[in-house]
Structure formats: C-alpha cells, structure tokens
Amino acid sequence: MIELLVKTGALDLAAAADSLAARLPEPLKPLAAIAYNYLWSWTPGGHELFADLDQQRWALCARNPVRILHEVSQPRLGHLAVDPGFLNRMRKLADGLAEELQRPVMGGSVTAARPAAFLCAEYAVHPSLPVYSGGLGVLAGDILKAASDMGLPLVAVGMMYRHGYFRQRTDATGWQHEYWVDTDPDLVPGALVTGEDGHPLTVRVPVGDREVVCQIWRVAVGRVPLLLLDTNRPENNHSDRFITSRLYVGDPEIRLDQYSVLGIGGIRALETLGVNPEVVHLNEGHAAFAVLELARAERDRNGLSFAEAFEAARSAVVFTTHTPVPAGNDTYPAAQVANQLAGIAAQLGTGVEELVARGLTHPRASGEPFGMTQFALRTSRCANGVAVRHGKVAREMWRELWPGVESDDVPIGSVTNGAHIPTWLGEPMWALFDRYLPNGWLRDCANPKVWEAVERIPDEELWAARHRQRAALVRMVADRSATERLNRGEPRSYMHAAADTLSPDVLTVGFARRLATYKRLNLLLCDLDRMRAIMGNTERPVQLLIAGKAHPNDAPAKALLAGLFEHRYLPEFAGRLVFLDDYDMNLAAAMVRGCDVWVNLPRPPLEASGTSGMKSSFNGGLQLSVLDGWWPECYDGANGWAISGEIDADHDGQDGRHADAFYELLSQHAVPSYYEREDGLPRRWLGMVRRSLMTAAPRFSATRMVADYATRIYTGAVAERLPL
Ligand SMILES: *Cc1c(COP(=O)(O)O)cnc(C)c1O
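Right, let's walk through the structure included here. (Residues numbered from 1 in each chain as written. Predicted model: local features only at pLDDT ≥ 70, side-chain atom pairs only at ≥ 80, totals over all residues. Heavy atoms only, no water.)

Focus on the overall build of the protein chain
In terms of regular secondary structure, the protein chain is built from 31 helices and 20 strands. Against the globule reference of 27 Å for 724 residues, the protein chain gives a C-alpha radius of gyration of 25 Å, in line with a compact fold. Across its three principal axes, the protein chain shows a C-alpha extent of roughly 75 × 70 × 50 Å. Among the 724 residues that make up the protein chain, the fraction classed as buried is 61%. Looking at the protein chain alone, contacts between residues at least 24 apart form 73% of all its contacts between residues at least 6 apart. Looking at the protein chain as shown, the accessible area adds up to about 26300 Å², and 52% of this sits on carbon and sulfur atoms. Looking at charge distribution, the protein chain has the averaged site of its 73 positive side-chain charges lying 2 Å from that of its 86 negative ones. (Helix = DSSP H or I, 4+ residues; strand = E, 2+ residues; numbered from the N terminus. Rg over C-alpha atoms; globule rule 2.2 N^0.38 Å. Buried < 20%, exposed > 50% of the residue type's maximum accessible area, 1.4 Å probe, protein only. Contact = heavy atoms within 4.5 Å. Areas by Shrake-Rupley, 256 points an atom, 1.4 Å probe, with all protein chains shown as cover. Lys, Arg positive; Asp, Glu negative; His and termini not counted. Charge placed at Lys NZ, Arg CZ, Asp CG, Glu CD.)

So, in structure tokens, the structure goes:
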C-alpha cells in the first residue's frame, strides 16, 4: 500500500479533500476524495461523472475536477444531491478508489519499504495538471498509471511549473504564436506537503553559489504519489522563483538550475519525506544530478570516501535515454557546469572537475561541452533506449564513451515504450473489448492470448464502434475548425468549409506530433497534385487532420507549418484538410481514437519510439509509417503499412522516395481497402484492424513496459550493468 509508505503529505491531500468536501451537500461529499486522486481519469465513468456536474463548465474548467466542484452552482449541486442515478455512479467510483488503495503491492525487488524513485522533468497525467509538453511527459504519466494498476511500489518526482508549457495559436499565415497560461495552485488537484508545524516542508538545493529553497506538492496518481518541486518561495529571489515557472525554458542558465532542482532537490525531497529508494530511475537526462545527492548522503551516512560514495550511488541509478536527435541532448559549456555544481561538489568533498569530467565524451579533452546524457550514462548502473531500434541507434551514438568497444557491445539496452490503454482507449472500443475479451482483460492486457478473442468480434460491431469514434472526432473537429478559422480572421466561406464538408464516413487520416523538421510534415503535401487527387476523389475521398507544436525557437519547423497553410484555400483542402491548434492530451486522445490511418514520416533513425501510433492501434487505427521507432517491432506485413526505414545521407532523394511510398500506400492500398464494401462492410479493412489489435495491444501496452522495467531494470540484472 503505497499511500501508507509515503506518509508525509498524505494528510495534506486528505485535508485538501476535506476542505473541498465542506463546500458540498452531504450526499455529494465523496466527490472531493475522487477529485483529489487522478484514478478517476482512467476509470470508466469518472470523466462522465464530473462532466455531468455541468457540461459547459467542465470544458471551461479545463476538466479540472477540483475547480468544477468550486464553480458548479449551488442549485445544480442541490439537484444532483437527490439524483439516485448520479449518487450511485459516484459511490461506485468512491468505493473503487478505496478498494484500489487497499490492494496489496506486487512482489519483486522494489518493495513498499524500498520503492523505485522515478524522476522526470515532465508528467502528462491529465490536461488539468499542465506540467508536460509532449511524448516524454505522456510516457511518464502512462508509467505512473500502469505502476499504480500493477501495484508496483513507485514514487515519482517532477516539477510544478506555474506556467507549464506554451499554448499554441496560429495566425492565418500558419505562423505559430506562443502564450503561457497561469496555473492557479489553489485549484490543482494536489496539496503542498507540510511538516508537523503546519508549514510547508522545504528542501535547499545548491545552485551555483546560492541555495534555492523548494517546497513540495503532492499529487495522487492512483496509488503512486507524484511529488512536484516548486521554487516559488519567499526566501528565493525573483529569478530563482522563476526556476520552476516554465517547462523547457530557452534560457540555458535557468535550464541548468532546473536540472539541479530536479536532480539534487528531487533526492532531497525523497529524503525529507522519509523515502529510501531501492533504485532511482532517471527518465531522460534532465534529472542526472540526482547521483550527486545520493553520493553526498552515502558519504555522510557511511563515512565513505568520495569515490566509494559515488560508486555506491551509481549502483542505485538506472537511466532511460529518449532522443536520437543531437539537439535533444542538452550540452553546456564545461565552465558553466563547474559553476553550477560548485556548491554540491563542496558538500561532496571533491573538486568540481571530478564531476564535470563525467559529462564529457572524452574526459581528458579540453574545450568539450558538458552533456547531460553523457553524465547520466556515466553515473548510472544501466541504461536503455526506448525501442529495439533506438537501443541500437543509441549504442552507435554514444560508443565514444566506451573507447575500444564495438558499438554492438556498448552497454545500452532497450525497453520498448508502451501506452496506457485505459487512458487512451475510446469508450465504444472499450465496450467491445468488455464484451468479447475474457474477463479481467485489462489487468491481463500484456498477455497476447487475451487479444486472440478479437477474432470473435463481428464485423458489424467492430465497424460500428469505429464509426462512433470517428464520428465523435469529426464533430469535435468541425466545431473547432470553424472557431479557429474565425479567430484567424479567415474569409467566411473558408471558415465554414470544413464544418460543412467533414464527414463521419470518410477515410480519416491523422498526423499529430511535435513539429520538428525531422518529422517531415512537409512530405504530406510535397506532391500537391497527387494529394489533391487523393483527397478530392469524389467517390473515395480522404480527410486529413493535422496538429502539433513547434519548439518556440525552431523557426524551420514553424516555416514548415506556414508552408502547409499556403495551400489551404485549394478546393480539395478547404473542407478536408484541417490543422488544429494547441495539440495536447485532449486533442491527442480525440485524434488517436477517431482516425482510421495514423501517419508517421520521421527521417530514420531519428524517431526513438512514437507512442501515438500505439494509442491509435489500441483504438483500431491502422499505421502508415516509416519503419522507425516502435514500428519495425510491430509491423508484420498484414497489420498496417510500412515505408522503408533506411538511413540515407541524401535527404532530398530519401524525401522523394518516402513521399512517393506514402502516396502509393495511401491511394493504392488504404483507400481501396477502406471503401471496398461487402454487405456495407469493409471486410478486408476490418481484418487488418483485428490483426493490428492482436499484434500491437499486448506488446505495446504500458503494462508490458512497466513489467519489463520491474523485472529487467529495477532488479539490477548484471548483464545490463554499465562499466564506468
Ligand atoms: C502520445 C503523445 C505524444 C507522443 O507521440 P509521438 O508518437 O511520439 O509523436 C506527444 N504529445 C501528446 C499530447 C501525446 O498524447
């Protein structure tokens, strides 16, 4: 029972729920406890329960359950307090939560007394907790939820960004503008952790020659406590208060400060809360300074030398690297890092050069920058990439850290990512699985046998569920496209075009991902005439939905988006091509549920994983993707479509071939098979959907991924141990 394991802060959450309950009529008081644990967000009926409080306000509240309970009107509460149907549904969720918190934890090398500590710069648990930007955060959120479902004793640490990640608005030329929205801390479904004196518990983090004070928020993700560090404290000066303001700020000094807070502060927060982790899992390199605080504690506790303390600390750290794109692996001038780490080096009783050297690719070289990934690789006992192919790419990429070792022997393994099925699965497909899969299918979802039952789902029902999910997406997009086009000041005819043309029966293709140039959004329209012919076909049309944010400093990616907008008025596109602003968890969920074909066109080998494709697969979407990231592990020739994943230095030539393959697969394979009907049903298409469900769902579920971490990585399997 993890909630009991980390006692500190549990009472603060309970107190926050009690104070919210005090505002509610007696029969509705259990809603407050439900609101303060995100378990509701992946439990059937949870979303509907809060939405039924007030449909419109639910959207206005950004689906924040605490906020809606503050804002819903008294008459409405009075009405629901005597609605037996509503009260029944509420009690079911409240009982489910209580039961879930009582379930025993799973056995293994991490235990309630010595849990796994998971450190990550971002978490996408739910849109109402906007402390994430994209794939990395979604993966982290999915890991916490699966750990909770499986009873894996795990405590997570991150940062409470007051302004989160940027929101996106495009103008009529397709140029992206960024803005930030304040999070009201009083309405976050979490609580500040206080000490016995009732004041917030704080930790001090050496940042350069200063000490920064952090307070700690606690958020409940099912059974997993998520601790979020926050430097917005009166003891700190203005710039230090800003450290946890924005996720992935451009300013390199603040970024390094964030890494000190997350790594060193994260471990100090665990110490302060009495958590003694068996293993510390760095999810990406941002938290890599954690090893420094672990070593300091070892040294103070056991009177070890620096070298012994460091080695002891290292043997508890495991590291997951996530990006094969060089720019995604932060580096800093060595002198800047030396300044940054001066305070902790003194506390460790060592020279700062000792520490900085571990972040250089060639430790004895001078003038080399310090890399967070290099440092994490050198200071962890094992490391892994996030797909089989990515593991290989990472071995190649980091081989220089192990001079004389062949790249095949570089000690970086892989644990392929997965996605959390209950978070991403649409209700109609969920109902089908409940009906046709064995009882308890969700708990056992990593077992391929469970999914064999997909064969028994009749075509009619599978098609009806897919239709409902597509129709829900099309309704949402029709509405949003009109609003967004109006906001951009577009002509009225264009404003209405998509709302009038989009159809729940038309083959719907989705492309939604971070807009970095290597994702090659431009391939979609690079042969304009061909794409016009495909989308505008009167009998067999295609509609194309696109979303994604470009990093604020990534002008080339922004230019790609603007390039797309140049063609928006073409008659084939005005009604059938929609770019949707502000890609986030909500939009991602709607798109992966509703799209029939999910497209991924990264330049190989730069896609580490591509989890959105997994989410689409669980929902009965089919993949049309370059063989990069997870797709080579899943593609079997009959469960989707593949474009070759070769590495080619001739980018233009490769773009041409890949675009050609994309148009060919879409127009000659996907379109005919979708529109070919027998008794009104696309039987060939549905056969592929079944095949895709059976092959993707068990192996790319977060349950399988977390089981891999628990049994292969957290156990300290000797084979994966990195030599220093
Ligand atoms: C799943 C998800 C991602 C990651 O998807 P990729 O396939 O890696 O591009 C990014 N952002 C959001 C909001 C997601 O839900």
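Moving on, there is more to tell.
Examining the packing of helix H12 (residues 290–302) against helix H14 (residues 334–348)
Relative to each other, H12 and H14 sit at 20 degrees, their axes nearing to 9 Å. Taken together, the axes of H12 and H14 lie roughly parallel to each other. As H12 packs across H14, the resulting crossing turns out to be left-handed. In contact with Leu292, Glu293, Ala295, Arg296 and Arg299 of H12, H14 contributes Leu341, Ile344, Gln347 and Leu348. (Axes fitted to C-alpha atoms, helices over the stretch in contact; angles between N-to-C directions. Parallel < 35°, antiparallel > 145°, perpendicular 65-115°, else oblique. Left-handed = near helix turned anticlockwise from the far one by under 90°.)

Here's the deal with unusual backbone geometry
In this chain, Pro604 is followed by Pro605 through a cis amide linkage whose omega measures 5 degrees. Here Pro605 shows up in the loop between strand S18 (597–600) and helix H27 (611–618). Even without being glycine, Arg520 reaches a positive phi, approximately 50 degrees. Mapping Arg520 onto the fold places it in the loop between strand S15 (507–512) and helix H23 (528–536). Using a relative accessible area of 1% as the deciding quantity, one classes Arg520 as buried. Phi at Asp679 is positive, roughly 50 degrees, even though this residue is not glycine. Counting through the fold element by element, Asp679 comes out in the loop between helix H29 (651–675) and helix H30 (683–696). A relative accessible area of 68% means that Asp679 is categorised as exposed.

Structural notes on the site of the ligand
As a structural note, the neighbourhood of the ligand is formed by 14 residues, with Arg513, Ala588, Gly610, Ser612 and Lys615 the closest of them. Thr611 is positioned such that a nitrogen or oxygen atom in its backbone is 3.3 Å from an oxygen atom of the ligand. At a separation of 2.5 Å, an oxygen atom of the ligand approaches a polar side-chain atom of Ser612. If the ligand stood free it would expose 380 Å²; the protein chains cover 93% of that surface. At the level of secondary structure, the elements contributing two or more residues to the shell around the ligand comprise helix H9 (135–150), helix H26 (585–594) and H27. Per-element accounting of the shell around the ligand gives the leading share, three residues, to H27. (Near = heavy atom within 4 Å. Polar contact = N/O pair within 3.5 Å; in protein donor to acceptor, adjacent residues only side chain to side chain.)

So, the sheet that holds strand S16 (residues 542–547)
Strand order in the open sheet formed by six strands is S17-S16-S15-S18-S19-S20, with parallel pairing between adjacent strands. On the outer flanks of this sheet lie strand S17 (577–580) and strand S20 (640–643), each paired with one strand and no other. Neighbour-to-neighbour, the strand axes of the sheet open up by a mean angle of 15 degrees, direction not taken into account. Both S15 and S16 contribute to a ladder of six bridges, which runs parallel. Across the sheet, Val509 pairs through a bridge with Leu544, a residue of S16. (Pairing = 2+ DSSP bridges.)

Looking at the pattern of salt bridges
Tallying each qualifying case throughout the model produces 50 salt bridges. Arg443 is the partner of Glu100 in a salt bridge, and the nearest nitrogen-oxygen pair spans 3.6 Å. Residue Glu100 is located in helix H8 (residues 84–102), and its partner Arg443 is located in the loop between helix H19 (427–436) and helix H20 (448–452); the two are separated by 343 residues in the primary sequence. When its relative accessible area of 8% is taken as the criterion, Glu100 is described as buried. (Salt bridge = Lys/Arg side-chain N within 4 Å of Asp/Glu carboxyl O.)

A word on the pairing of strand S8 (residues 224–230)
With seven of seven residues buried, S8 is to be regarded as a mostly interior element. Both faces of S8 are covered, namely the face carrying Val224, Leu226, Leu228 and Asp230 and the face carrying Pro225, Leu227 and Leu229. Inspection of the sheet shows strand S2 (residues 154–159) paired to S8 by four bridges, in the parallel sense. Paired with Met159 across the two strands is Leu229, which belongs to S8. Bridge count between strand S7 (residues 210–221) and S8: seven bridges; the pairing is antiparallel. Counterpart to Trp217 in the pairing with S8 is Leu228. Between S7 and S8, which pair antiparallel and follow one another directly, the connecting turn spans two residues, one of which, Gly222, has a positive phi of 60 degrees.

Structural notes on the nonpolar core
Counting 145 residues, the largest nonpolar core has Tyr123 and Tyr714 as the members making the most contacts within it. Apart from residues no more than four positions distant in its own chain, Tyr714 is found in contact with Ser109, Val110, Ala116, Phe118, Leu152, Leu154, Val279, His281, Val318, Arg381 and Tyr709. Among the nonpolar cores identified, the runner-up in size contains 99 residues, and Leu524, Met535, Val671 and Leu681 belong to it. (Core = buried A, V, L, I, M, F, W, Y, C linked by side-chain atoms within 4.5 Å.)

Regarding empty space enclosed by the protein
Throughout the structure, instances matching the rule amount to three cavities of 30 Å³ or more. The wall of the largest cavity is formed by 13 residues, among which Arg485, Tyr494, Arg568, Leu577 and Phe579 lie closest to the centre. Secondary structure elements with two or more residues in the lining of the largest cavity: helix H21 (459–487), helix H24 (555–565) and S17. Grouping the constituent residues of the lining of the largest cavity by class yields seven nonpolar, two polar and four charged. The calculated volume of the second largest cavity comes to roughly 50 Å³. A per-class count over the lining of the second largest cavity returns two nonpolar, five polar and two charged. (1 Å grid on protein atoms, 1.4 Å probe; cavity = no way out; pocket = protein on both sides within 12 Å on 5 of 7 lines; lining within 4 Å. Points joined across faces, edges and corners; volume = space filled by probe spheres on them. Nonpolar A, V, L, I, M, F, W, Y, C, P; charged D, E, K, R; others polar.)

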